[in-house]
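Notes for the structure review
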Amino acid sequence: MPFTPLIVLTHAFIFSTLLAFLTLGFNLTYQTARIPNWAHGTFAALGVFITLTVARVWNMNPYVSLPISFMVVATLGVSVYLGVVYTLKKAGAPEIILLISTLAVDIVLTAFLNIIADYLMFVYKVSSRIFILRDMDVKLFGLPGILIVAPTLLVVFTAIFSYMLYRTKFGIAMRGTVESPELASILGINTDKVNLVSWFITGGLAGVSGALLPLWFLSDPGIGTMLIIDIFAASILGGIRSVYAAILGSYIIGLTEVAGTAFLSQIIPEVGGVSLSSYRLLVPLTVLVITLMFMPRGLYGFYEDYKERKIRPKEVEA
Amino acid sequence: MVLVFLQVLIDVTIFLSLYTIVTTALNYQYGYTGIPNFGLAFAVAGGAYITGFLPGRLAFLLIMPDSKLDYVKDNPTIMTQINMVLGKDPMLSIMLLVVTILGAMAVGAILGFIATMPAIRLRADFLMMTLIAFAEAVRIIGMNYEPLAGGTLGIGVPRMLKWTGLSADLQNLILVGGLGLIVVIINWFMLHSPYGRLLRAIRESEDAAIAVGKDVNRIRMEVMVVGSAIAAVAGALSGIYIGNVIPPAYTRYDWTFWPWLMLMLGGRGSEMGALAGTASIVVIRRLVAIYKHGIQPFIPFDVVWLERMALGIAFLIVMIFKPEGLLPERPIKIKGIHDLSEDELKEE
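Residues numbered from 1 in each chain as written. Chains lettered and ligands numbered in written order. Predicted model: local features only at pLDDT ≥ 70, side-chain atom pairs only at ≥ 80, totals over all residues.

Before going further, it helps to spend a moment on the nonpolar core. Core analysis: the largest hydrophobic core is formed by 179 residues, its most contacted members being A:Leu288, B:Val22, B:Val44, B:Ala232, B:Val233 and B:Leu261. No other element matches helix α4 (residues 95-124) of chain A, which puts 16 residues into this core. Residues contacting B:Ala232, with those up to four places away along its chain left out, are B:Ala43, B:Val44, B:Gly46, B:Gly47, B:Ala104, B:Met105, B:Val107 and B:Gly108. (Core = buried A, V, L, I, M, F, W, Y, C linked by C-beta atoms within 7 Å. Buried ≥ 20, exposed ≤ 12 C-beta atoms within 10 Å, placed from the backbone. Helix = DSSP H or I, 4+ residues; strand = E, 2+ residues; numbered from the N terminus. Contact = placed C-beta atoms within 7 Å.)

Residue and element names in this part refer to chain B. Relative to each other, helix α1 (residues 2-32) and helix α11 (residues 252-266) sit at 75 degrees, their axes nearing to 9 Å. For the element pair α1 / α11, the angle class is roughly perpendicular. Two secondary-structure elements touch here, α1 through Tyr19, Val22, Thr23, Leu26, Asn27, Tyr30 and Gly31 and α11 through Trp255, Pro259, Trp260, Met262 and Leu263. For the contact of α1 with α11, the class distribution of residues is nine nonpolar, three polar and no charged. (Axes fitted to C-alpha atoms, helices over the stretch in contact; angles between N-to-C directions. Parallel < 35°, antiparallel > 145°, perpendicular 65-115°, else oblique. Nonpolar A, V, L, I, M, F, W, Y, C, P; charged D, E, K, R; others polar.)

Residue and element names in this part refer to chain A. A positive phi angle, near 50 degrees, is found at Asn59, a position not held by glycine. Examined against the element boundaries, Asn59 turns out to sit in the loop between α2 (40-57) and α3 (65-90). You will see that Lys125, though not glycine, has its phi angle at about 55 degrees, which is positive. Relative to the assigned elements, Lys125 resides in the loop between α4 and β1 (139-140).

What sets the pattern is the α-helix's 3.6 residues per turn: residues three or four places apart point alike. For helix α10 (residues 216-242) of chain B, with 27 residues, the first-to-last C-alpha span of 39 Å sits near the 39 Å given by 1.5 Å per residue. Looking one or two residues past α10(B), B:Gly243 carries a phi angle of roughly 85 degrees, positive in sign. (Expected span 1.5 Å × (residues − 1).)

In this section: the packing of helix α2 (residues 40-63) of chain B against helix α5 (residues 124-144) of chain B. Think of two packed helices as two axes; the pair is described by the angle between the axes and how far apart they sit. All names here are of chain B. With their axes 8 Å apart at the nearest point, α2 and α5 run at an angle of 25 degrees to one another. It follows that α2 is roughly parallel to α5 by the angle criterion. Seen along the crossing, α2 lies across α5 with a hand that is left-handed. Where α2 approaches α5, its residues Ala41, Phe42, Ala45, Gly46 and Tyr49 are matched on the opposing element by Phe134, Ala135, Val138, Arg139 and Gly142. (Left-handed = near helix turned anticlockwise from the far one by under 90°.)

This is the structure we're talking about:
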């Protein structure tokens, strides 16, 4: 595709929007279960393959896979929580084992997706490695469908989510669990149920994001291992403690990574024999390390400090 | 038949030695000191990349100083010529080998230092993220920056043991197996000493170690640097054994996750456990890799994925039912306290 600023920005915008779904869910489970879910990128990759099956095997509109993908990946999220995280916690496993366990889940899932990819290739003769479904996308108002559907869905989901979190009783229980699981369970909140719901939502969001991904980007069974780096960086940059910060972080990472490298490669076309854009993933990695070094609470940390100063200005000065 | 069996045996032994070096390093870092090093792959990859970069280029400069060939693009031609000379020149070969191993250790140590500098004070989960990210960064650079190790296509490694006249398998068996043994022995003596007990003390209670005047952050950093240097030797040896360094092959699955699985399966903090875990998984993996063609026609996908899935699930099952591993760490026996009989203890 020829280089024009508009196309690059479109790439970056769609990527950031899809990343925001993932980071949102990642932050949610990080806060409730207190562990980073390594398999989160691969959750989305499952959605990618559901869309591929819907579009290429069943020959249906790819958007049909949205509800399917939401439910399937949400169920996967719940099963991972119940089968691995919950079981290990009940068995008294230390934190480090919990951290490794989702890595193991990631490996099992990636292997499973590769099996599906091979199966689709052998049995249905569908190209399932490094594929793109941009040709299957519908046109809405003369624009590619995903350009409208993805941001709309993000707004809708964020609105529903905020309403749930701040206006319902369950939302209060959820925020209580985030603040202090022990205290919440003393007050009669069923923290296991809160966890279960958060893994369900997380899975669902990852499913939606994954279902939309192949409509614009090259996809592959191993895409989850790439995505998880972006998710981490976005989550840490925004601030792991806030949902809205996750969205902000996603857009910053998405724009610098996709648009930044694209514009920079106009100036420096190649480094070490390959184009500069091959080093794209170094952007989130660098952001991740710098953020962890200098502001481990992320951008949300600044907001928290600002709020603190507003409430107790004198104390801070003193 | 016997020959095939011998070849499989040699292949399994070499991989066993390679992974033993890596798990030993991990046991030192995680089993003893409690640093969750999830970036183990960066040290291994660093060692491998320098093996692709250093010895071949040195030999190229020494043997063909006036050559107009491009080292990366004309690599196969250059390798053939270098190997012919090296086959007759034991001194140069040994020198290159020593430089390679030392270079790998230096690169491993430097990478360990860079990765640890910002991260060592962080909480376990953030530390884990930073180290994984760092390993990924090293791999991305190795995969793309062609002058380093040939990019995605890889680069040849000169055969530095050709002068011995032995078959390639035997040369590698002696080199890799020998170094593996040396690493295990040094590690055993290092950790069965007051130093080993210091590391365990840090693992069990950082605050207590600080209270008795130990500079915990400094010691943890040293452990990361030394451990990474050890792991880098495995990377260098893998390059020498395969005869090529292919940067994309140094993934976090192969060189971070599998060593972790081996250590956790065997039992963290126990040398015998680390060996047992390594042996069982390496044997399974190599046998699957060698004999997968037998099963392949019957299933519509690559067997490798089935193996990954099975081992991932096996890991989860071990963590749920036997989290301390197959051969758990035993309490330390200290001379003068634990070998006294009960009467002697009473007298004291």
